[in-house]
Amino acid sequence: RLRHAATTIAHQCPDNNHQKETTKMSTTLIPSGNREVVDAGRAAEIVSEWEEQMTSLENLTIDKVVLTNKSYTSEAAQFLKDFFLSSGVAGTTKVADLSDIIASRMEDEGLEVLKTICDAFENAFLEEVDLSDNAMGSKGVSACASVLSAQAPTLQKLSLCNNGLSDTSMKEVAEVLCKPNEGNEHPTIAHGLTKIHFYNNMSGDGGCTAFAEILSNSSRLEDVRFSGTRAGRPGSVRVAEAMDALGPMGVGNVSRWDLADNTFGVDGGAALARALARCPKLVYLNLRDCTLEDEGTVSVCKALVESGCPLQHLDLSGNEITSKGAKAVASILKSFSSTLTVLFMEENEMTSRGVAAIADAISACDTSALLEVKLGMNECGNIGGRAIVAVAPKMSCLKKIELDANMFSEEVVELLQDAYGELLVEMEDNDEEEDPDENLEEEDEEDVDELTSALDGVKI
């Protein structure tokens, strides 16, 4: 299939001094059909389809190639490589989506396929490369060198998600991205990257060290994902410290941080907060399952307000946040009432007191842009449930709310259903037999004073 995007270019006509407009068609090459194993015969069919469609269009430029969601044999890979080179497609391609192209291949053939297809773009000027969902390992990193190290002058966006990269493999990736490039605009590949996505590679603390090195060589980042790494506290803290060390110039353009499933803890949370305070363009922050606890949550909340960012997405789920940390979040909601569309705080320990604080903070805002809210599994009882019912009219933009795995009575469940209707996700795991609000202790005045002190000076 071909996907088109038209660009109009004006040409000056020397004979009559007027401009003639030419429409230049930017096109994406995508194999037709569903997921399948592509052998040489099927590759020939795909190329024939492309060639037929390409000859039917004038002023055509192929700037993107998408090969994902199919498994290619060695022969098919060679056939495609020959086409990309002979047709000139390799020379005009700026975006190469090479994700998920060796599923079910044996290791040797899979590596050969990766190398063959990547080699087709060795002399290209790629700006974006996606190699996700290919079981690579160390040998795979070497096989993909053509679309990594060979793209030093132009590469801006790189995705290596779910590749089975170990700490050793991540070190090899770091070596490629941080290798000095003599004579190029960017001293290293990492220096020119605006997007780095590493997800679900289980690279542990060693992978964190490698990623910290990549960060330290970066200066133009806008979109960063380093999550699902199974990192421990030491490695996670190294990543947070590397973020902090980048300074205002290094993180000032970042709009997305996805750092879920790192074990930052309180110390890492403090370093993380220092970096976040320097991110005035931040719109997306995912710190799910980062063991921030209350103290780290307070630090992050303070930093977000200090940054003055137009935050849209905030995920603090699974961070052992109690009512104290929930009140820190509640205290900053007014700052983001016109921008925040997603608030996820499920799987914490906020109790009714924390949930009610958030609901009350939303209610106190002049407006609410919230589209989706998750407050499930928070040991919340009827007091919190009724607070969520009361705030329903204020959340006029809401599309979805999840409250499952709390402890609401049947009466409160009915009130929630009446208030939110189809927007409320079914509560299959709600415990109607126990009301945790009966065990709520009086608020510890020391905690209140500590929270007030932590947020002192934050302008809302």
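What counts as what
- Residues numbered from 1 in each chain as written.
- Predicted model: local features only at pLDDT ≥ 70, side-chain atom pairs only at ≥ 80, totals over all residues.
- Heavy atoms only, no water.
- Helix = DSSP H or I, 4+ residues; strand = E, 2+ residues; numbered from the N terminus.
- Areas by Shrake-Rupley, 256 points an atom, 1.4 Å probe, with all protein chains shown as cover.
- Lys, Arg positive; Asp, Glu negative; His and termini not counted.
- Charge placed at Lys NZ, Arg CZ, Asp CG, Glu CD.
- Phe/Tyr/Trp six-rings, centres within 6.5 Å; stacked < 30°, edge-to-face > 60°.
- Buried < 20%, exposed > 50% of the residue type's maximum accessible area, 1.4 Å probe, protein only.
- Lys NZ or Arg CZ within 6 Å of the ring centre and 35° of its normal.
- pLDDT = per-residue confidence, 0-100.
- Contact = heavy atoms within 4.5 Å.
- Pairing = 2+ DSSP bridges.
- Right-handed = clockwise from strand over helix to strand, strands pointing away.

Draft legend 1. Representation of the overall build of the protein. Counting its regular elements, the protein contains 17 helices and 16 strands. Seen along its three principal axes, the alpha-carbon backbone of the protein occupies a region of about 75 × 55 × 45 Å. Taken as a whole, the protein presents about 20200 Å² of accessible surface, with 46% of it coming from carbon and sulfur. Positive and negative charge centroids in the protein, built from 38 and 79 side chains respectively, lie 8 Å apart.

Draft legend 2. Structural detail: the packing of aromatic side chains. Following the criterion strictly, the structure yields 6 aromatic pairs and no others. For the ring pair W50 and F83, a centre distance of 5.6 Å and an interplane angle of 35° mean the geometry is tilted. Remark: F83 occurs in helix α2 (residues 74-87) and W50 occurs in helix α1 (residues 40-55); sequence separation between them is 33 residues. Like W50, the residue F83 is buried in the burial classification. Centroid distance F83 to F84: 5.7 Å. Interplanar angle 55°. Geometry classified as tilted. In this structure, F83 and F84 share a single accessibility class: buried. Just above the ring of Y199 sits the side chain of R225; from NZ or CZ to the centre is 3.8 Å.

Draft legend 3. The arrangement of the confidence of the model for the protein in detail. Across the protein, the average pLDDT comes to 90, with 90% of residues at or above 70. Within the model, the stretch residues 5-14 combines pLDDT values under 50 with 30 contacts to residues more than four positions away or in other chains.

Draft legend 4. A look at the pairing of strand β9 (residues 195-199). For β9, the buried fraction is high: 4 of the 5 residues fall into the buried class. Of the pairings in the sheet, the one linking strand β8 (residues 157-159) to β9 comprises 3 bridges and is parallel in character. Among the inter-strand pairings, S159 is bridged to a residue of β9, identified as H197. With 5 bridges joining them, β9 and strand β10 (residues 223-227) adopt parallel strand pairing. Across the sheet, the residue bridging to H197 is R225, located in β10. Taking the sense of rotation as the criterion, the β-α-β connection linking β9, helix α8 (residues 204-216) and β10 turns out right-handed.

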